[in-house]
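This is what each chain is made of:
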Amino acid sequence: MRAIVMGAGIGGLAATLALRRAGAEVTLVEQTPRYTEAGAGIQLAPNATRVLRRLGRLDAVAALSGPPGHLSFRSWSDGTEICRYTLGREVDDAFGAPYLQVHRADLQQALAAAVPPGAVRLGTEVVGIDQDDRSATVTTAHGERLSAHLVVAADGIRSAARQWLFGTDEAVFSRTAAYRALLPAAAVADLELPDTGIWLGPGRHFVHYWLRRGELLNVVAVFGTETAHESWTERAEPGEPLRAFEGWEDRVVQVLTRAGQMYRWGIYTRAPLPRWHIGRVTLLGDSAHAMVPFQAQGAAQAILDAAVLGDCLTDAAPDDVPEALDRYVRRRLAAATGMQARSASAGEEFHLPDGPAAQARNARMAAHAAEHRFWSASSAWGTDALEDPAPRSGPRNRMNAPRRPN
């Protein structure tokens, strides 16, 4: 079976590795001329790192991880600790896989290193997809037509493939944005920051954690706003982050001051879909279920998509692809859509105004931490993506799925 994967981000690379392990011949196409991930951190919970181990990439990623230590939730105004959880060795012992914090580019390179160069076509923009009962074909900007039995669209939150499959459907602004930066460890060594900190305040929250074995501090300062561009490269105006977090505890202010130039990133999502595929073409990752990052599960969910997709297509014949994609979507859609909702709800909780509601939230968090070693988000960490809740039975049903013209 031949497959084409569109997009060499985290989801696309994971899908490429999973499909190769499933026995498919995979071509990975990426419109940029080289692998390019933003200079930002990413958190990988055990549900994702378990998949990385199966893909043979966990050791390479872990070698570049920051030391997660503990997670400390704190009050915005005086830094009072609301509650604390472990993210270290105990997570690995309890869930059978570690919690990692890595630079996005490091994760991308660790995945890309396992893809044979001959299977990758960089600088190749896809401008259309069409299909028939036997194959799917992508058309490139140079007029080439590349055919396969399966096309996986991991082309991100602004997915063109999503529009080709399901019509016009714009990304949805979450009414939040973030200032982000990376600081060398020496720049903040005197601040005695928690290993991983989430500071909660009215309409805002502030996150920091270590990358590259503690060499860099990743900073994400989230705030409510009525407008913001979805861009990894837009620069914040000088002094803008400090004005947005004026009055916050001194360590937060000091980090923002020492960060210097910060980037301003509008946070967008995608509305849930009732299905992710038509015929031999499917969505994966952000193209299917982009979410706000407030449960640190966006990349993890894309990696889980890849694992399940590979599992459903293991040893599949070309005629089996539409039915296998049905199983993939049945196993993943509800879980990913549920995580979208949980992430949005967490953002609302983080941003409660001072007063009774915030006090009640803090009391709930403290009570939970008194009884549990792990953050409430850990309810998703034990998920094994390869536990099929609806095992295949009976003969394969070869479907003639609807098609859209190019």
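Model, not experiment: these values are computed from the prediction. (Residues numbered from 1 in each chain as written. Predicted model: local features only at pLDDT ≥ 70, side-chain atom pairs only at ≥ 80, totals over all residues. Heavy atoms only, no water.)

Draft legend 1. Structural detail: the sheet that holds strand E11 (residues 150-153). Taken together, the 6 strands give an open sheet; going across it, the order is E7-E2-E1-E11-E18-E17, and neighbouring strands pair in mixed fashion. Pairing within the sheet leaves two strands with one partner each, and these edge strands are strand E7 (120-122) and strand E17 (277-278). Examined bridge by bridge, strand E1 (residues 2-6) and strand E2 (residues 25-30) share 5 bridges and lie parallel to one another. Paired with Val5 across the strands is Leu28, a residue of E2. Against the sheet, helix H1 (residues 10-21) touches E1, E2 and E11, its axis set at about 170 degrees to E2. (Pairing = 2+ DSSP bridges. Helix = DSSP H or I, 4+ residues; strand = E, 2+ residues; numbered from the N terminus. Contact = heavy atoms within 4.5 Å. Axes fitted to C-alpha atoms, helices over the stretch in contact; angles between N-to-C directions.)

Draft legend 2. Focus on the sheet that holds strand E15 (residues 216-224). The strand order across the open sheet built from 7 strands is E5-E4-E13-E14-E15-E12-E16, with neighbouring strands paired in mixed fashion. Where the open sheet ends on each side, the last strands, each with one partner, are strand E5 (81-86) and strand E16 (263-269). For this sheet, the mean angle separating the axes of adjacent strands, direction not counted, is 20 degrees. For strand E4 (residues 70-75) and E5, the ladder comprises 5 bridges, and the chain directions are antiparallel.

Draft legend 3. Examining the nonpolar core more closely. With 73 residues, the main nonpolar core has Leu19, Leu44 and Leu313 as its most contacted residues. It is helix H10 (residues 298-312) that provides the largest number of residues to this core, a total of 9 residues. With near-sequence residues (within four places) excluded, Leu313 lies in contact with Met1, Leu19, Ala22, Leu150, Val321, Ala324 and Leu325. One finds Cys83, Phe95, Val220 and Met365 within the second-largest nonpolar core, a separate group that totals 32 residues. (Core = buried A, V, L, I, M, F, W, Y, C linked by side-chain atoms within 4.5 Å. Buried < 20%, exposed > 50% of the residue type's maximum accessible area, 1.4 Å probe, protein only.)

Draft legend 4. Inspection of unusual backbone geometry at higher detail. A positive phi angle, near 50 degrees, is found at Arg212, a position not held by glycine. Summarising the element assignment, Arg212 is placed in the loop between strand E14 (204-211) and E15. Looking at Arg212, the relative accessible area reads 25%, which means it is partly exposed. Positive phi, normally seen in glycine, also occurs at Arg213, with a value near 60 degrees. Within the secondary structure, Arg213 is located in the loop between E14 and E15. Taking the relative accessible area as the measure of exposure, Arg213 reaches 46% and is therefore partly exposed.

Draft legend 5. Spatial organisation of the pairing of strand E6 (residues 100-103). With burial as the criterion, each face of E6 is covered, one bearing Leu100 and Val102 and the other bearing Gln101 and His103. Across 4 bridges, the pairing between strand E3 (residues 41-44) and E6 is antiparallel. Along E6, the bridge assignment pairs Gln43 with Gln101.

Draft legend 6. Here's a closer look at the environment of Ala346. Locating Ala346 in the fold gives a position in helix H11 (residues 321-350). By relative accessible area, which is 10% here, Ala346 ends up buried. Taking C-alpha positions, Ala346 is 9.4 Å from Pro293, a pair spaced 53 residues apart along the chain. If we skip the residues at most four places from it in the chain, Ala346 touches Phe294 and Gln295.

Draft legend 7. Here's a closer look at the packing of helix H2 (residues 46-54) against H10. Where H2 meets H10, the axes come as close as 9 Å, and the angle between the chain directions of the two elements is 40 degrees. For the element pair H2 / H10, the angle class is oblique. Note that H2 runs across H10; the crossing there is left-handed. Only Ala300, Gln301, Ile303, Leu304 and Ala307 of H10 make contact with H2, whose side of the interface consists of Asn47, Ala48, Val51 and Leu52. In terms of residue class, the contact of H2 with H10 is made up of 7 nonpolar, 2 polar and no charged. (Parallel < 35°, antiparallel > 145°, perpendicular 65-115°, else oblique. Left-handed = near helix turned anticlockwise from the far one by under 90°. Nonpolar A, V, L, I, M, F, W, Y, C, P; charged D, E, K, R; others polar.)

Draft legend 8. Main features of H2. Of all 9 residues that make up H2, 7 are buried, and the element is covered over most of its length. When we look at burial in H2, the residues that qualify are Pro46, Asn47, Ala48, Thr49, Arg50, Val51 and Leu52. Summarising the contacts, the buried residues of H2 are in contact with E3, helix H3 (58-62), helix H4 (89-95), E6, helix H5 (104-112) and H10. With its phi angle positive at about 75 degrees, Gly56 sits one or two positions after the end of H2.

Draft legend 9. Region of interest: the confidence of the model for the protein chain. With 95% of its residues at a pLDDT of 70 or more, the protein chain shows a mean pLDDT of 93. Between residues 391-406, whose pLDDT stays under 50, and residues either more than four places distant or in other chains, the model counts 35 contacts. (pLDDT = per-residue confidence, 0-100.)

Draft legend 10. Just the side chain of Ser231, in detail. By the element assignment, Ser231 lies in the loop between E15 and helix H7 (240-244). With relative accessibility at 17%, the residue Ser231 sits in the buried group. Engagement of the side chain of Ser231 in a polar contact is seen with the backbone nitrogen of Glu234, the distance being 3.1 Å. Setting aside its immediate chain neighbours within four residues, Ser231 contacts Arg264, Trp265 and Gly266. (Polar contact = N/O pair within 3.5 Å; in protein donor to acceptor, adjacent residues only side chain to side chain.)

Draft legend 11. Quick peek at the side chain of His277. Of note, His277 is situated in strand E17. Only 3.1 Å separates the side chain of His277 from the side chain of Asp326, close enough to count as a polar contact. Excluding anything up to four places from it in sequence, His277 contacts Phe166, Thr282, Pro322, Leu325, Asp326 and Val329.

Draft legend 12. Expanded view of the environment of Leu87. Relative to the helices and strands, Leu87 resides in the loop between E5 and H4. Taking relative accessible area as the criterion, Leu87 reaches 2% and is therefore assigned buried. Remark: the alpha-carbon pair of Leu87 and Pro68, spanning 19 residues in sequence, is separated by 5.5 Å. Excluding residues within four positions of it along the chain, Leu87 makes contact with Pro68, Gly69, His70, Leu71, Tyr99, Gln101, Thr196 and Trp381.

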